[in-house]
Amino acid sequence: MAEMDRTTARTFARGATRFAPSPTGELHLGNARTALFNYLLARHGAERFVLRIEDTDASRSRTEHTEGLLEDLRWLGLTWDAGPGREDALGPYYQSQRAAQYAQRFVELERQGAVYPCFCSALELEAARHAQRAAGRAPRYPGTCRELSEDERRRRLGAGQPATLRFRVPAGRRIEFTDLVHGAQSFLSDDIGDFVIRRADGSAAFFFSNAVDDAAMGVTQVLRGEDHLTNTPRQLLILEALGLPAPRYGHISLILGSDGAPLSKRHGAASVRQFRECGYRPEAVVNYLFRLGHSSNEHELLALDALAGAFDPQHLGRAPAHFDEQQLTVWQKHAVHRLAPEAARDWLAARLPAGLEPYTATAFCAAVLPNVVLPQDAQPWIDIVFGPAPGLAGEGADLVREAGGEFFAAAARAAADGGDFAAIAAAARAASGRKGAHLYRPLRFALTGLGHGPELGPLLRVMPAGEAARRLARFA
Ligand code: GLU
């Protein structure tokens, strides 16, 4: 056996899952969850995770969408073993580059008589569908070009008449398979019309390229959206005709918005890019998606390898999953509150004032982190700590007035002497006899303009030199 063949054989023996997006838009949460589940299934079973870009429909596929989804997958941490940028003998992993592989398979099917050219125009097909619907029948291809004579086919092809290639669905068959999520499935071939596997422009249609690529890439398990469940019998027929192995399919429920409609832009942020740009943490997104339609006894924020250990396709629900932003926020809090100081600084970097010393920036981020869920929540604290002294009104102004000049004079002196917050509070206490909230709240208002917030000690340590003393001295 040649070296390449041996490697390929080993690759096949390992089994694989895959994610096969069509780059027609941004990666939305539903597809991200599909990618995650396939990734976890692969890692759980030590299988390969393949990424295949389904870009045969040139009119709808865009390079920028491909780039965007690669970036989103990397951000989520869903690294692929084979796919764009990780080509191997089973590639290429862009379907637009696999025309030669498809051509070979088309010829095989043509030789068997399993397919035929169809010359029906879009208009004729639409008219047939219309008539079937009017007669109360499910629309399917009426078989117009199925029995054309060889001569007639040759004549039309020779005359340059555009033709698709249709798969001849065998009559009277029952197609059965066990879905990983929905269990036993059974379809009658007579309910399936002959379907297009090659478009008139020569490109491979979804049913075909998707099925033959799974076989060619050694894919053994597929988790995909429920909307593909009824495509599966067609794909099984193609694989059977070609003598290719079929993967085990599992069709996962849709994600619905709070109003019960499929999650979409209408519900606000729905794409991974939007969540990333808002400052959501990838570990929050994957931990949330892990629990969306997948039940688990794991209630902690887990890293991807631990999620893989806990993933069980038996626990995938059949009912639609409901997206709940509050739940995502809960995971986001867990993720943010666990960030190491340097990671928190990187996360908030875009908002921090330019030229801030790295040490100060890190200490500031650590100080405000308990009060932050999204980066935008840090903004008020950035303004308070590094901006001009905040003014006081209402309750704050009253409390500061009541505490009195002596109180603030002592506090300001301690600050000017380089004292930390404990020293400032001790000085104010000695001067006024105040303690507890009577001591701390006037100080907090004077220093930050607010009556609540992160611990004052760490905040004061990162304030520009002399700033705490100046703020306190205003009320002396
Ligand atoms: N390109 C198809 C989609 O994005 C893939 C379906 C599948 O996973 O088989 O819906």
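Look a little higher up for the structure.
Residues numbered from 1 in each chain as written. Predicted model: local features only at pLDDT ≥ 70, side-chain atom pairs only at ≥ 80, totals over all residues. Heavy atoms only, no water.

Caption draft 1: Summary view of the overall build of the protein chain. What the protein chain contains, in helices and strands, is 20 helices and 11 strands. Relative to a compact globule of 476 residues, whose C-alpha radius of gyration would be 23 Å, the protein chain shows 32 Å and is clearly more extended. For the protein chain, the C-alpha atoms occupy an extent of roughly 105 × 60 × 40 Å along the three principal directions. Among the 476 residues that make up the protein chain, the fraction classed as buried is 48%. If you take every contact in the protein chain between residues at least 6 apart in sequence, the share linking residues at least 24 apart comes to 73%. Carbon and sulfur atoms form 52% of the exposed surface of the protein chain, whose accessible area is close to 22400 Å². Side chains of the protein chain carry 55 positive and 55 negative charges; the gap between the two charge centres is 1 Å. (Helix = DSSP H or I, 4+ residues; strand = E, 2+ residues; numbered from the N terminus. Rg over C-alpha atoms; globule rule 2.2 N^0.38 Å. Buried < 20%, exposed > 50% of the residue type's maximum accessible area, 1.4 Å probe, protein only. Contact = heavy atoms within 4.5 Å. Areas by Shrake-Rupley, 256 points an atom, 1.4 Å probe, with all protein chains shown as cover. Lys, Arg positive; Asp, Glu negative; His and termini not counted. Charge placed at Lys NZ, Arg CZ, Asp CG, Glu CD.)

Caption draft 2: Layout of the sheet that holds strand S3 (residues 115-118). Reading across from one edge, S3-S4-S7 is the order of the three strands in this open sheet, with antiparallel pairing throughout. The outermost strands of the open sheet, each flanked by one partner alone, are S3 and strand S7 (195-198). The sheet shows a mean angle of 45 degrees between the axes of neighbouring strands, taken without regard to direction. Relative to S7, strand S4 (residues 164-167) runs antiparallel, the two being bridged by three bridges. From the neighbouring strand, Leu165 faces S7, where its bridge partner is Arg198. (Pairing = 2+ DSSP bridges. Axes fitted to C-alpha atoms, helices over the stretch in contact; angles between N-to-C directions.)

Caption draft 3: How the structure looks around the packing of helix H17 (residues 421-432) against helix H18 (residues 436-448). Following both chains from N to C, one finds H17 and H18 inclined at 120 degrees, their axes separated by 10 Å at the closest point. On the basis of their axis angle, the class for H17 and H18 is oblique. Relative to H18, the crossing made by H17 is right-handed. Residues Phe421, Ile424, Ala425, Ala428 and Arg429 of H17 form the contact with H18, whose participating residues are Leu439, Tyr440, Leu443 and Leu447. (Parallel < 35°, antiparallel > 145°, perpendicular 65-115°, else oblique. Left-handed = near helix turned anticlockwise from the far one by under 90°.)

Caption draft 4: Main features of the site of the ligand. Close to the ligand lie Arg18, Ala20, Pro21, Ser22, Glu54, Phe206, Asn210, Arg224 and His228, which account for all nearby residues. In the environment of the ligand, an oxygen atom lies 2.6 Å from a nitrogen or oxygen atom belonging to the side chain of Arg18. Note that a nitrogen atom of the ligand is positioned 2.8 Å from one of the side-chain N or O atoms of Ser22. About the coverage of the ligand: the protein hides 84% of its 300 Å² of free accessible area. In the shell around the ligand, the residues fall into three nonpolar, three polar and three charged. (Near = heavy atom within 4 Å. Polar contact = N/O pair within 3.5 Å; in protein donor to acceptor, adjacent residues only side chain to side chain. Nonpolar A, V, L, I, M, F, W, Y, C, P; charged D, E, K, R; others polar.)

Caption draft 5: Geometry of the side chain of His294. Relative to the helices and strands, His294 is located in the loop between helix H10 (282-290) and helix H11 (304-310). Judged by its relative accessible area of 2%, His294 is buried. At a separation of 3.1 Å, a polar atom in the side chain of His294 contacts the main-chain carbonyl oxygen of Phe290. Here the side chain of His294 touches Asp312 through a polar contact of 3.2 Å, landing on its backbone nitrogen. Contact partners of His294, with chain neighbours within four places excluded, come to Phe37, Ala310, Phe311, Asp312, His315 and Leu316.

Caption draft 6: The arrangement of the pattern of salt bridges in detail. Tallied over the full model, the rule gives 26 salt bridges. With its nearest N and O atoms 2.8 Å apart, the salt bridge here joins Asp213 to Arg98. Here Asp213 is found in helix H7 (residues 206-216), whereas its partner Arg98 is found in the loop between helix H3 (63-76) and helix H4 (99-112), with 115 residues between them in sequence. The exposure classification of Asp213 matches that of Arg98, with both residues buried. Arg154 serves as the salt-bridge partner of Glu150, at 4.0 Å between the closest nitrogen and oxygen. On the criterion of helical spacing, the pair formed by Glu150 and Arg154 is a turn pair, its members being four residues apart in helix H6 (residues 150-158). For Arg154, a relative accessible area of 52% gives the class exposed. Here the residues in one salt-bridge network are Arg18, Arg52, Glu54, Arg98, Asp213 and Asp214, joined through shared partners. (Salt bridge = Lys/Arg side-chain N within 4 Å of Asp/Glu carboxyl O.)

Caption draft 7: Representation of the nonpolar core. Counting residues in each nonpolar core, the largest one holds 52 residues, and the members touching the most others are Leu36, Leu40 and Leu73. Only helix H2 (29-44), strand S2 (48-51), H3, helix H9 (272-278), H10, H11 and helix H12 (325-337) provide two or more residues apiece to this core. Grouped together as the second largest cluster of nonpolar side chains are 44 residues, Leu348, Ala367, Leu443 and Met463 included. (Core = buried A, V, L, I, M, F, W, Y, C linked by side-chain atoms within 4.5 Å.)

Caption draft 8: Quick look at the pairing of S4. Alternating residues of S4 divide into Thr164 and Arg166 and Leu165 and Phe167, and every residue in both groups is buried. Bridge count between S3 and S4: four bridges; the pairing is antiparallel. If you follow Tyr116 over to S4, its bridge partner there is Arg166.

Caption draft 9: Layout of the environment of Leu148. Mapped onto the fold, Leu148 is located in the loop between helix H5 (122-134) and H6. Distance from Leu148 to Gln274, taken between C-alpha atoms, is 52 Å for residues 126 residues apart in sequence. The contact partners of Leu148, leaving out residues within four places of it in the chain, are Phe119, Arg153 and Arg156.

Caption draft 10: Looking closely at the environment of Leu307. With respect to the helices, strands and loops of the structure, Leu307 is situated in helix H11. A sequence separation of 270 residues divides Leu307 from Phe37, and the C-alpha atoms of the two residues are 9.8 Å apart. Once residues within four sequence positions are removed from consideration, Leu307 is found in contact with Leu40, Val286, Asn287, Phe290, Arg291 and Leu302.

Caption draft 11: Quick peek at H4. Spanning 14 residues, H4 covers 20 Å between terminal C-alpha atoms, matching the ideal 20 Å at 1.5 Å per step. Of all the residues in H4, the buried ones are Tyr102, Phe106 and Leu109. Burial along H4 is one-sided: seen end-on, the buried residues are contained in an arc of 65 degrees. Among the exposed residues of H4, those oriented more than 90 degrees off its buried face are Ala100, Gln104 and Arg111. Residues of H4 that are buried in the fold lie against S3, S4, S7, H7 and helix H8 (232-242). Among the residues trailing H4, Gly113 stands out with phi positive, at a value near 75 degrees. (Expected span 1.5 Å × (residues − 1). Arc of directions from axis to C-beta.)

From the geometry alone we can't say anything about function, so treat these as descriptive.
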